[in-house]
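Letter by letter, the chains look like this.
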Amino acid sequence: MERFTKYKTMIFPREVIVGHNTTDQIKGMCRRITTSKNVLLVTDKNTKKISGDKIGKILSGSGFEVNITAIPSPMIKKDVPVAWPTMKEVNYVIKAASKAESDFLIGVGGGSVIDVTKLASYELSKFYISAPTSAAHDGMASPRASLKDKTGSLSKIAVSPTGILADTSIISKAPYRMLASGCADVISNLSAVKDWELAHRLKNEEFSTFAASLSETSSRLLLHKAEDIRSGLEEAVWQAVKCMIVSGVAMSVAGNTRPASGSEHMFSHMLDRVAPGKALHGEQCGVGAIMMMYLHGENWEEIRDFLKIIGAPTTAKELKIPKKKIVEALMDAQNIRPERYTILGEQGLTQDAAKKLAKITGVI
Ligand SMILES: [Zn+2]
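Below, the structure is looked at part by part. (Residues numbered from 1 in each chain as written. Predicted model: local features only at pLDDT ≥ 70, side-chain atom pairs only at ≥ 80, totals over all residues. Heavy atoms only, no water.)

Moving on: unusual backbone geometry. Of note, the phi angle at N21 is positive, near 45°, even though the residue is not glycine. As for its position among the elements, N21 is in the loop between β1 (15-19) and α1 (26-33). Residue N21 is classed as exposed on the basis of its relative accessible area of 53%. (Helix = DSSP H or I, 4+ residues; strand = E, 2+ residues; numbered from the N terminus. Buried < 20%, exposed > 50% of the residue type's maximum accessible area, 1.4 Å probe, protein only.)

In this section: the pattern of salt bridges. A complete count under the given rule lists 13 salt bridges for this structure. Taking the shortest distance from any N to any O, the salt bridge between K203 and E346 comes out at 2.7 Å. Placement of K203 in helix α7 (residues 189-203) and of E346 in the loop between α14 (323-332) and α15 (351-360) is noted, with a sequence separation of 143 residues between them. Given the relative accessible area of 41%, K203 is considered partly exposed. With relative accessibility at 52%, the residue E346 sits in the exposed group. Put simply, E339 and R337 hold a salt bridge, and the shortest N to O gap is 3.2 Å. According to the relative accessible area criterion, R337 is partly exposed, its value standing at 24%. Residues joined by salt bridges that share partners form a network here, namely K194, E197 and E298. (Salt bridge = Lys/Arg side-chain N within 4 Å of Asp/Glu carboxyl O.)

Before going further, it helps to spend a moment on the nonpolar core. Core analysis: the largest hydrophobic core is formed by 34 residues, its most contacted members being C183, L222, V241, I303 and F306. Here the element with the most residues in this core is helix α9 (residues 234-254); it accounts for 7 residues. (Core = buried A, V, L, I, M, F, W, Y, C linked by side-chain atoms within 4.5 Å.)

Under the definition given, this model contains 3 aromatic pairs. Here Y294 and W300 contribute two aromatic rings whose centre-to-centre distance is 6.0 Å and whose plane-to-plane angle is 75°, an arrangement assigned as edge-to-face. The class of W300 is buried, set by a relative accessible area of 10%. (Phe/Tyr/Trp six-rings, centres within 6.5 Å; stacked < 30°, edge-to-face > 60°.)

All right, on to the side chain of T22 then. With respect to the secondary-structure elements, T22 resides in the loop between β1 and α1. Apart from the residues within four sequence positions on either side, T22 is in contact with I17, L165, A166 and D167. (Contact = heavy atoms within 4.5 Å.)

What follows is about the coordination of the zinc ion. By definition of the ideal shapes, four donors in a tetrahedron about a metal sit 109.5 degrees apart, and six donors in an octahedron sit 90 or 180 degrees apart. Coordination sphere of the zinc ion, protein contribution only: D185 (OD), D185 (OD), H265 (NE2) and H281 (NE2), at 2.1 to 2.7 Å. Note that the zinc ion binds 4 donor atoms; their angles at the metal cover 52 to 142°, and the shape is irregular. (Donors = N, O, S within 2.8 Å, 3.2 Å for Na, K, Ca; no water. Tetrahedral: all angles 85-135°; square planar, octahedral: opposite > 155°, others 65-115°.)

The next subject is the pairing of strand β8 (residues 163-167). When you tally the buried positions in β8, you get 5 out of 5 residues, the bulk of the element. Where burial is concerned, the two faces of β8 agree: the one with G163, L165 and D167 and the one with I164 and A166 are both buried. Taken together, the 5 bridges between β1 and β8 define a ladder with parallel strand orientation. Counterpart to E15 in the pairing with β8 is G163. Note: strand β5 (residues 127-132) against β8, 2 bridges, orientation parallel. Within β8, the residue paired with S130 across the bridge is I164. (Pairing = 2+ DSSP bridges.)

It is worth stressing that arrangement in space is one thing and function is another; only the former is reported here.
Given below as structure tokens:
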């Protein structure tokens with residue numbers, strides 16, 4: 001018999017607080033997590049006002065030495081999509097943290113602010129707490145960060161947050177479109193897991209049944225709650241955020257993003273290249289999941305119907321992306337990460353196959 005030599009490292013959040021008016025609990029969380037006192041709050045102009053200043057006040061009133069930095073917002077020129085955030089913003093935070101001699105960081109904001117905090121903490125070898133003000137994708141709990149660069153978007157390795165503080169009363173004030181996008185991102189776990197299983201069977205890629213089950217469970221629970229995911233309903237945020245956190249945990253168990261990122265994510269990343277700045281990450285992944293589940297021979301209608309019920313896009317028109325860009329992104333998607341085997345295979349789809357797929361599933 002072969003000698004057993006396997007090993008695995010899993011890094012999880014230590015404390016997760018989610019629910020109504022939980023912002024005050026940040027001081028208790030920080031005290032339990034660390035004896036360090038010097039913290040850098042990472043925000044942007046908006047999220048500083050929404051929650052950053054309040055968290056700063058609570059912590060400085062509890063004996064913490066608080067510095068707040070606001071990442072510069074992108075200069076938006078009319079109709080020119082801006083690549084934001086980039087490594088420039090990450091370096092900005094690294095500098096701020098070094099100057100303030102911060103022991104740890106708290107990311108207060110949407111996905112982008114948290115991604116920047118995550119990467120800066122990783123580079124600095126400090127831990128961070130994730131305090132989301134919106135939930136447009138599952139990044140609040142995931143160990144990977146996505147940034148923009150000249151070619152579109154890129155996914156970078158980082159670490160899981162040590163604490164997550166998700167105040168549903170704050171997140172429910174963000175535009176509903178963001179929450180619907182976050183739910184679509186979670187639902188796309190279903191196609192990601194199918195891709196992972198395929199890679200396991202065809203390429204003998206390491207597979208974790210635990211991670212796959214957790215990831216699928218987070219999608220399935222949300223599928224059953226479709227009717228509760230509505231605008232103006234704080235309970236919708238509650239359901240969605242819990243699923244996002246479990247989805248993040250699934251990635252921690254796997255040690256990679258396989259449980260939550262497959263061909264539908266490649267399609268979304270390719271759309272960021274060929275049609276940048278049109279739709280949100282989760283919205284694109286949701287539409288991708290409809291098509292990839294069709295290719296897997298799975299229940300793609302279930303995903304489409306869910307997205308319709310919650311008011312997330314299911315068509316090119318709703319994504320505000322031209323039909324031919326959808327076809328283009330389908331054809332080239334597997335080039336995003338050629339080493340990650342998915343249902344798109346090694347060659348990708350032909351133009352005819354891509355068109356047919358988008359038509360049958362009603363995307364174009
Ligand atoms: Zn995603």
